[in-house]
Amino acid sequence: ELVLSPNTVAAYERDLRLLQKALKLESDEQLANVKRSQLLGYLSQLKAQGRSAATIARKLAAIKAFYRFLAAERYINVDPAEVIEAAKKGLHLPKVLNVEEIEQLLDEPNLGTLEGYRDRTMLEVLYATGMRVSELVSVPVSSVNLQMQYLIAYGKGNKERIIPLGSIAVKFLQKYLEEVRPQLIKEENSKVNTLFVNKWGNPMSRMSFYTLIKAYGRSAGISKDITPHVLRHSFATHLLDNGTDLRVVQELLGHADISTTQIYTTVSTDILKE
């Protein structure tokens, strides 16, 4: 049984709607009955628009999954996407911040405000653990063990993994949980169990945090385009630069396949030389 996260399902649906729009198909029935030539035309169109090989590969994965399902359930007799293959993804090096830029970013939130302290704590935890932003915003309070200095993250396919926390992240989490979060939680939201909440006491959303981190990057004067994933990339690269074993980094990041983790060795020139 294939278990996909809600984020993947939403991305697949979005890709299928874009296909429907590009092919000017007015109904779902028309979408179900496209020809292989139409799909090839769509992929050529994406390439002509300058879309990256990785983007095209992801869109094709959604298309292939959809038509494979229709064929398996006997809605269609022939799978039009069956023999279509994606172009090689190519080597895409992740953007990373150096240690100095990380420090600039971490120093940016105003610790004198409740929201500023929460933001600093989120940035510290993100950099200390390398979690995906979807994992960070969904961590329940019950998954944090400050005494043993670890938290449990729930990754893709709802797989859980234990990630150790450094002393700085623990220090910020301690004050956040004892003093800051109780003030952010409103009476009507007392049952909210997520670790990080917004100013209304509701769970922090991925998009809200995405907006926050971009704003902090700009105000810190960092010219690189900063997203939560950049901190994940930086976490992995800095660990490898300091001699951490690739298998350990794979476990911490929650990568199912080590080939996904190996891209960081290209970024980490020190390790590569070694």
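The structure this text deals with has already been given above.
This one's a predicted model, so the numbers in the text were calculated from it and none came from an experiment.

Caption draft 1: Seen up close, the overall build of the protein. Counting secondary structure elements, the protein contains 14 helices and three strands. Across its three principal axes, the protein shows a C-alpha extent of roughly 60 × 55 × 35 Å. Expressed as a percentage of its 274 residues, the buried residues of the protein come to 42%. Long-range contacts, defined as pairs at least 24 residues apart, comprise 55% of the intrachain contacts of the protein with a sequence gap of at least 6. Working note: accessible area of the protein is about 15700 Å², and carbon and sulfur atoms make up 51% of it. Looking at charge distribution, the protein has the averaged site of its 35 positive side-chain charges lying 6 Å from that of its 31 negative ones.

Caption draft 2: Main features of the sheet that holds strand 1 (residues 144-145). Taken in spatial order, the three strands line up as 1-2-3 in an open sheet, and their pairing is antiparallel. Only two strands of the sheet have a single partner each, and these edge strands are strand 1 and strand 3 (160-164). Of the strand pairs in this sheet, strand 1 and strand 2 (residues 150-154) are connected by two bridges, and their pairing is antiparallel. Bridging from a neighbouring strand, Asn145 pairs with Tyr150 of strand 2.

Caption draft 3: Representation of the nonpolar core within the structure. Counting 50 residues, the largest nonpolar core has Leu105, Met131, Phe196, Phe209 and Leu231 as its most contacted members. Secondary-structure elements contributing two or more residues to this core are helix 5 (99-106), helix 6 (114-129), helix 7 (133-138), strand 2, helix 8 (167-184), helix 9 (206-219), helix 10 (228-241) and helix 11 (246-253). Here the element with the most residues in this core is helix 8; it accounts for seven residues. The contact partners of Met131, leaving out residues within four places of it in the chain, are Val125, Leu126, Leu136, Val139, Leu151, Ala153, Arg161, Ile163 and Arg232.

Caption draft 4: Local environment of the pattern of salt bridges. For the structure shown, the criterion picks out ten salt bridges. Across the pair Glu124 and Arg120 runs a salt bridge whose closest N-O atoms are separated by 2.9 Å. With Glu124 and Arg120 both in helix 6, this residue pair falls four residues apart, about one helical turn. By relative accessible area, which is 8% here, Glu124 ends up buried. Residues joined in a network through salt bridges with shared partners are Asp15, Arg58 and Lys59.

Caption draft 5: Here's a closer look at the packing of helix 1 (residues 6-22) against helix 4 (residues 53-72). One way to put it is that helix 1 packs onto helix 4 with a least axis distance of 9 Å and a crossing angle of 90°. As summarised for this structure, helix 1 and helix 4 are arranged roughly perpendicular, according to the angle between their axes. On helix 4, the residues touching Tyr12, Asp15, Leu16, Leu18 and Leu19 of helix 1 are Arg58, Lys59, Ala61, Ala62, Ile63, Ala65, Phe66 and Tyr67.

Caption draft 6: Molecular detail of the environment of Asn7. Mapped onto the fold, Asn7 is located in helix 1. Sequence separation between Asn7 and His233 is 226 residues; the distance between their C-alpha atoms is 20 Å. In this structure Asn7 touches Ser134 and Arg206, once residues within four positions along its chain are discounted. Looking at Asn7, its side chain comes within polar contact range of the side chain of Arg206, at 3.3 Å.

Cut-off values and rules
- Residues numbered from 1 in each chain as written.
- Predicted model: local features only at pLDDT ≥ 70, side-chain atom pairs only at ≥ 80, totals over all residues.
- Heavy atoms only, no water.
- Helix = DSSP H or I, 4+ residues; strand = E, 2+ residues; numbered from the N terminus.
- Buried < 20%, exposed > 50% of the residue type's maximum accessible area, 1.4 Å probe, protein only.
- Contact = heavy atoms within 4.5 Å.
- Areas by Shrake-Rupley, 256 points an atom, 1.4 Å probe, with all protein chains shown as cover.
- Lys, Arg positive; Asp, Glu negative; His and termini not counted.
- Charge placed at Lys NZ, Arg CZ, Asp CG, Glu CD.
- Pairing = 2+ DSSP bridges.
- Core = buried A, V, L, I, M, F, W, Y, C linked by side-chain atoms within 4.5 Å.
- Salt bridge = Lys/Arg side-chain N within 4 Å of Asp/Glu carboxyl O.
- Axes fitted to C-alpha atoms, helices over the stretch in contact; angles between N-to-C directions.
- Parallel < 35°, antiparallel > 145°, perpendicular 65-115°, else oblique.
- Polar contact = N/O pair within 3.5 Å; in protein donor to acceptor, adjacent residues only side chain to side chain.

These results come straight from atomic positions and should not be treated as a statement about function.
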